[in-house]
Amino acid sequence: MKNLLAIVFADAHVADRIWAHRPITGDAFYSVEQILDLAQGYRCPWVIGCGDLLDSRTNRSSPIQFWNRMLDRFEQAGVRFGFLQGNHEYDDPPWLSHRHATHLHERSLTIGGIRFYGLDFLPSGRLQEALDAIPPGTQVLLAHQAWAEMCRPGSAWQGQFADIPVVSMMFTGDLHEHRRVDTRGKDRQPLTVYSPGSTVMTSIDNDPHKFVYLLYDDLSVESQPLKTRPVLESSQIVHPEDLDAFLEEIPDRLRSAAEAAARDGLPEALQKPILRVHYSWQLEDACARIQAATKGLCWLFLDESVPHLAPGEASEEDWETLEQALQESCDEEDLVAAGLQLLACPDRSEKGIQAAIEELVAQRLHAAKSQSCAGAVECITSPPTETNE
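Presented here is a report on the structure given in the accompanying data block. Sequence order as written defines residue numbering, which begins from 1 separately in each chain. It should be noted that, the model being predicted, local features are given only for residues of pLDDT at least 70 and side-chain atom pairs only at 80 or more, the latter also being counted only at that level, while totals for whole chains, interfaces and linings use all residues. Side-chain measures here rest on the full set of heavy atoms in the structure, leaving out hydrogens and waters.

## So, the environment of Gln145
Line of reasoning, step 1. Helix and strand definitions here come from DSSP, where helices need a minimum of 4 consecutive H or I residues and strands a minimum of 2 consecutive E residues; each element is numbered from the N-terminal end. Considering the arrangement of structural elements, one finds Gln145 in the loop between β7 (140-144) and β8 (169-173).
Line of reasoning, step 2. Three labels apply to residues, based on accessible area from a 1.4 Å probe with only protein chains included: buried if under 20% of the type maximum, exposed if over 50%, partly exposed otherwise in between. Note on Gln145: relative accessible area 2%, which makes it buried.
Line of reasoning, step 3. A sequence separation of 26 residues divides Gln145 from Leu119, and the C-alpha atoms of the two residues are 9.2 Å apart.
Line of reasoning, step 4. At 2.7 Å, the side chain of Gln145 forms a polar contact with the backbone nitrogen of Leu122.
Line of reasoning, step 5. A polar side-chain atom of Gln145 sits 2.9 Å from a polar atom in the side chain of Gln158. Definition of a polar contact: a pair of N or O atoms within 3.5 Å, with one able to donate and the other able to accept a hydrogen when the atoms are protein atoms, and with sequence-neighbouring residues admitted only if both atoms are side-chain atoms.

## Some points on the pairing of strand β6 (residues 114-118)
Line of reasoning, step 1. Within β6, four of the five residues are buried, which leaves it mostly tucked inside the rest of the structure.
Line of reasoning, step 2. A pair of strands is treated as paired once DSSP finds two or more bridges between them. In the sheet, strand β5 (residues 108-111) pairs with β6 via four bridges, with the strands oriented antiparallel. Counterpart to Thr110 in the pairing with β6 is Arg115.
Line of reasoning, step 3. In sequence, β5 turns back onto β6 through a hairpin of two residues, with Gly112 there showing a positive phi of about 55 degrees.
Line of reasoning, step 4. Pairing of β6 with β7 involves three bridges; the strand directions are parallel. Considered in β7, the bridge of Phe116 is made with Val140.
Line of reasoning, step 5. With the strands aimed away from the viewer, a crossover counts as right-handed if its path from the first strand over the helix to the second runs clockwise. Handedness of the crossover is the feature at issue here: the chain leaves β6, passes through helix α3 (residues 124-132), returns alongside β7, and the resulting connection is right-handed.

## Considerations on the sheet that holds strand β15 (residues 299-305)
Across a sheet, paired strands are connected by hydrogen bonds in the backbone, their directions being either parallel or antiparallel.
Line of reasoning, step 1. Spatial strand order, β13-β14-β15: three strands in an open sheet with parallel pairing. With one partner strand each, in any of the chains shown, β13 (231-233) and β15 form the two edges of the open sheet. Each adjacent strand pair in this sheet contributes to an overall mean axis angle of 15 degrees, direction not counted.
Line of reasoning, step 2. For β13 and strand β14 (residues 274-280), the ladder comprises three bridges, and the chain directions are parallel. The residue of β14 that forms the bridge with Glu233 is Arg276. The angle between two axes is taken between their N-to-C directions and runs from 0 to 180 degrees, where each axis is a line fitted to C-alpha atoms and a helix contributes only its stretch in contact.

## Remarks on the packing of aromatic side chains
Line of reasoning, step 1. Within 6.5 Å between ring centres, the rings of Phe, Tyr and Trp (the latter by its six-membered ring) count as paired, and their orientation is classed by plane angle as stacked under 30 degrees, edge-to-face over 60, tilted in between. This model, assessed by the stated rule, comprises 10 aromatic pairs.
Line of reasoning, step 2. On the numbers, 5.3 Å between centres and 20 degrees between planes, the contact of Phe171 with Tyr194 is stacked. Residue Phe171 is located in strand β8, and its partner Tyr194 is located in strand β10 (residues 190-195); the two are separated by 23 residues in the primary sequence. Here Phe171 and Tyr194 have matching classes, each one buried.
Line of reasoning, step 3. Members of the aromatic cluster, joined through ring pairs, are Phe9, Phe29, Phe66, Trp67, Phe74 and Phe81.

## Some words on the packing of helix α4 (residues 240-263) against helix α5 (residues 286-294)
Line of reasoning, step 1. It is the contact of α4 with α5, at a shortest axis distance of 9 Å, that shows an interaxial angle of 25 degrees. The pairing of α4 with α5 is recorded here as roughly parallel in orientation. Read as a crossing pair, α4 and α5 show a hand that is right-handed. Two secondary-structure elements touch here, α4 through Leu243, Asp244, Leu247, Ile250, Pro251 and Leu254 and α5 through Ala286, Arg289, Ile290, Ala293 and Thr294. Convention used here: angles under 35 degrees read as roughly parallel, angles over 145 as roughly antiparallel, angles from 65 to 115 as roughly perpendicular, and any remaining angle as oblique. By definition, turning the near helix anticlockwise from the far helix through less than a right angle yields a left-handed crossing, and turning it clockwise yields a right-handed one. By the convention used here, residues are in contact when the closest approach between their heavy atoms is within 4.5 Å.

## Re the pairing of strand β2 (residues 46-50)
Line of reasoning, step 1. With respect to burial, β2 is a largely interior element, five of its five residues being buried.
Line of reasoning, step 2. Judged by which residues are buried, β2 turns out to be covered on both faces: Trp46, Ile48 and Cys50 on one side and Val47 and Gly49 on the other are all buried.
Line of reasoning, step 3. Here strand β1 (residues 4-9) runs beside β2; their pairing, made up of four bridges, is parallel. Across the sheet, the residue bridging to Val8 is Ile48, located in β2.
Line of reasoning, step 4. For the crossover that starts at β1, traverses helix α1 (residues 27-42) and ends in the parallel β2, the hand is right-handed.
Line of reasoning, step 5. Of the strand pairs in this sheet, β2 and strand β3 (residues 80-84) are connected by five bridges, and their pairing is parallel. By the bridge assignment, Gly49 is partnered in β3 with Phe83.
Line of reasoning, step 6. Between β2 and its parallel partner β3, the chain crosses via helix α2 (residues 61-77), and the hand of that crossover is right-handed.

The structure is reproduced here in structure tokens:
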């Protein structure tokens, strides 16, 4: 019979306010409380947090007081707590310095015969050296990094899975997605990478479903869902009759979602749903009507969008509408001129527009060089920085 060794989570982002423009509170705190409840229910000896347990390096008192209370409760429950620092809350000494919290950076830990090793978030210049120092015989790496293989194109990353020696398994924070990747490490050893994902939504684009991992002594891993605030999302609303139907049904759907959350035992602060509505910008008064129909029933996120048309699919009327919108919505004369130049392109195929863009860029570069030769230009530079979620 296998035994549960640890509950592993990441990216709790505990803060007074996660959402900059809406007073949505309580979600991050409740997720951490659930993790302790799970550990007690499963009689799990360890809980390990893989970084970004706080949302900021500069914190108000309440997130720190919350973590101190939670660590007191972990201690009282007899559940050991280990943690790493992520890029969001990294400080020296760590914010989670507490008698019952074990900082796992560059430390080996053995639980139930399985050897772990931890690394805080490290910039790319220091990461490889730290990875090469993983002790022989280590089986599980705990980390908080942006890995190239998990990043979206163009995102900053610090390391690659092929840089990781020795271990056969890694749990990593930073990516706010619940994912598993099977790959190979630096020594060509089989390597299974687990990203727990965040335990709280920090962006409307995040998956609202949240999980932690359960790690057993046979190195098997299971996903364990957390209870979260209800999130509803509309399909794209294009036609007036679709908007009418949506506005008629959505109040009852929101009330039903809140009632289901209450029955499921969510705290009152988490029973109010989040609603994201996608609608066409051509729908008259859509914003005001949606706000009126949902007032007081949800946290509303509006996504006004223009349906995508490939260049060859756009009608002459579409192009005229774009020209008018550009002139009315932009005060930057230079940008308007550039936009109108592209819209005036006679060849409106994809290749034709790409050629027009290249010509415009060449013209702008030539103009910039001419201006540079005509007078002194003050250049202000700053060193590049790495950014992560």
